[in-house]
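These are the residues of each chain, in order.
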Amino acid sequence: MKKLLIIVIFILLGRMALAQWSVGAQGGVSFTSIDRSQAGRVDEAYNPLIGYDFGITGSYTFNPWFAIRADLGMMQRNHRMQRHLNYLSLVYTDHLNTYLTLPVMADFSFGGSRLRGHLLLGAFAGYWVRQRVRGVTYGMTDYEVFFNEFDTPKDFSSSDRRLNAGLVGGAALSYSLNNLFGLSLNALYYYDLVSHYIGYVALQDYRYLNTAVITLGLSYHIPTNQSE
Amino acid sequence: MKKTIILLALTVLLFASCRKESDYLPYIGESHKLAYSTYEEQFVFLWKSISAGYVFWDVDTTDWDEVYNHFLPRFQELDRHYSDSGYVSTDELVNMYGAVFGGMIDHHMTVVVQNLHPIPGDEDRLVVLRPGQAEVKQRDYYLESNSQARASMLSFLGGIESEGYTIVEHESGTFPFNEGAITSSVTYHYILFQLPDGRLVPYLWQSMAAFTPVIRSLGSSTPTGAGASLLDHWLHAITDTPRSQLAGIILDNRANNGGYQDDLDYLIGTFLNERAEVMQTRYKEGPGRMEYSQWTPYYIYPNKSYHRDITAENIPYVILCDINSASMGEIEPLCAKHVLPTVHTIGERTYGATGPLQPVTDINLNYGGPFGDGTNYRGHYIYTSTFEANFDGQVLEGIGYIPDQIILRKDCNSSYKPQLDAAFDYIAAY
């Protein structure tokens, strides 16, 4: 058993010696929609909203076509609830949610030595850092409806599940500027498997976020003995 | 490489199917989905509707999940009882729903539930519960129901001429009015009192808050127009009497069980120079118990027809209220006190029904508010607040408004006179 373990460690170390670390930074935009199988009232529409996504990225290359990549980013996952009942059609609420997100993906690459395509597949975990709401509410007198604009931070409640996780996948194009630096264009899709809303004993209302992000990245390949 | 990618993609697809389907979400506008055939289904439907639509979950301490866990087996037992015997006693259902809804603080709430399988001969009897009213009856200063209190008040005002006051004018009457689908009537007493020093005090008692729908008929020769004329006389006595002759104003909301929000435009707006925020309201914006809209300010604007700056002229405005001042009957003194510095309130802690409502016909508005069959009471009808209101940051549902000067009717041989006398004393000494 011990011998087997030693052999495995040697194989891994051998691979690591051949491999290459790279780190970088990226930033871009996110588009988030929300899925609810029983979406509230009939006059509520849930629309995607744009947000930002920025952070750091790191990858570990095992061989010319395979790497493991992990990103750590602050991602906005924003969406809008819009009423469209005739006299309430001005009413909406934008949910502006900021998540600390950690995707870990298998990175399959192909192409030439400088310009390469990447297929990315993996999973992510996230933590809901803060939320803000803005929009228009309404009030009523006996004879008329009136409206009020708001834009304010929102406290978390017992209905908010702040840890989430899901699947992530997408594609990227990378271009090596030289031996050390490279640029990348990434398109990823985050698909939550954990509802960010906690329901009740007989009233479950699962709400899942879907986020598409497009980012531009700059990477730095850490030189190793083999690659120098 | 291909195999690895395919394997990973299949794993991803497998996980992607892990999203769960939600329960049916009660949306009170979808009446065709309200059908149920068992006591268990009826209870679960009501439980879900209240869970999603009740507007006081932030201040109501009822453990609604515990209610579900505790009562679901008991309603299932009722279904078994029905299978065995062919009926369920309405008394049993009254006890069960009494315990389910008994602790809720919404003092507008009325719960009407139809017994699906009553004892033969008992078919017309409904389960009718008013949790707020039950709470009010427990208060140590409770004397009589709203309708009894109104009758006592009418008796007192009917004999006011023999109570030792100097009365310059006295107009009264019961006036019908129509407002949309609502036909009702309101009783007013407008009395122009004279203090011993000769100064005047215009006084108005209103059996309900229907100032707006009535005064809109000003100038018409209808019975409603006569009511509007009475209100116009009270307002003109306030706005037209020279300061040296006007000692103060009295609005008597005792036994006033509520009505129209827009009345604030007259009872407060008449005295404003610029708009004033009198309260804030919010509504349910999702089925989660804490899923509220943001608070929306409710402003009163200066009235365009009547105006007197009682703040600048330092004219005391006394509002009387008591345990039977409910809904707008208590919101009026609350809001007036909040924005008019010369307001002084006298009487008892009020009823505690402060959440604005919209009629069941407006159920498309929100998750919350009245729902069910309010006409024939088939199945169920729940009358509950559409909005939650806060007054200077405080939600007073189930608590009510505590006036500046407390005088309990029960300490005055159940007489309405000492509270009114206190109003005159305050104005005379102002």
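Here is what the cut-offs are and how they apply
Residues numbered from 1 in each chain as written. Chains lettered and ligands numbered in written order. Predicted model: local features only at pLDDT ≥ 70, side-chain atom pairs only at ≥ 80, totals over all residues. Heavy atoms only, no water. pLDDT = per-residue confidence, 0-100. Contact = heavy atoms within 4.5 Å. Core = buried A, V, L, I, M, F, W, Y, C linked by side-chain atoms within 4.5 Å. Buried < 20%, exposed > 50% of the residue type's maximum accessible area, 1.4 Å probe, protein only. Helix = DSSP H or I, 4+ residues; strand = E, 2+ residues; numbered from the N terminus. Pairing = 2+ DSSP bridges. Domains from an automatic or database assignment. Buried area = accessible area lost by both parts, 1.4 Å probe. Salt bridge = Lys/Arg side-chain N within 4 Å of Asp/Glu carboxyl O.

Attention shifts here to the confidence of the model for chain A. Considering every residue of chain A, the mean pLDDT works out to 89; 88% of them sit at 70 or more. Within the model, pLDDT remains below 50 along residues 8–18 of chain A, and this stretch shows two contacts once partners closer than five positions in the same chain are excluded.

Residue and element names in this part refer to chain B. Core analysis: the biggest nonpolar cluster contains 55 residues, and W234, I268 and Y317 have the highest contact counts within it. With seven residues, helix α8 (residues 223–240) is the largest single contributor of residues to this core. Those residues within four positions of I268 in sequence are excluded, and the remaining contacts are V278, I300, E332, C335, A336, V339 and L340.

A word on the pairing of strand β9 (residues 181–192) of chain A. All names here are of chain A. Only one face of β9 is covered, namely the one carrying G182, S184, N186, L188, Y190 and D192; the face carrying F181, L183, L185, A187, Y189 and Y191 has none of its residues buried. With 11 bridges joining them, strand β8 (residues 163–176) and β9 adopt antiparallel strand pairing. The partner of V168 across the bridge, within β9, is Y190. What sits between the antiparallel neighbours β8 and β9 is a turn of four residues. Where β9 lies against strand β10 (residues 207–221), 11 bridges are found, and the strand directions are antiparallel.

Right, let's get into the domain arrangement of chain B. All names here are of chain B. With domains assigned, chain B is organised as domain 1 (28–131 + 358–386) and domain 2 (146–354 + 391–429). Inter-centroid distance (C-alpha atoms) of domain 1 to domain 2 is 35 Å. With 20 residues of domain 1 in contact, the opposing surface of domain 2 contributes 17 residues. Carbon and sulfur atoms make up 56% of the surface buried where domain 1 meets domain 2, a total of about 1500 Å² over both sides. At the boundary of domain 1 and domain 2, one finds two salt bridges. The salt bridge involving D58 is made with R282; its shortest N-O contact spans 2.8 Å.

Residues and elements named next belong to chain B. Summarising the element assignment, I249 is placed in strand β6 (residues 249–252). Judged by its relative accessible area of 0%, I249 is buried. Residues I249 and F193, 56 residues apart in the sequence, show an inter-C-alpha distance of 9.9 Å. When residues no more than four places from it in sequence are discounted, the contact partners of I249 are V201, P202, W234, I238, F271, I310, I315, P316, Y317, V318 and I427.

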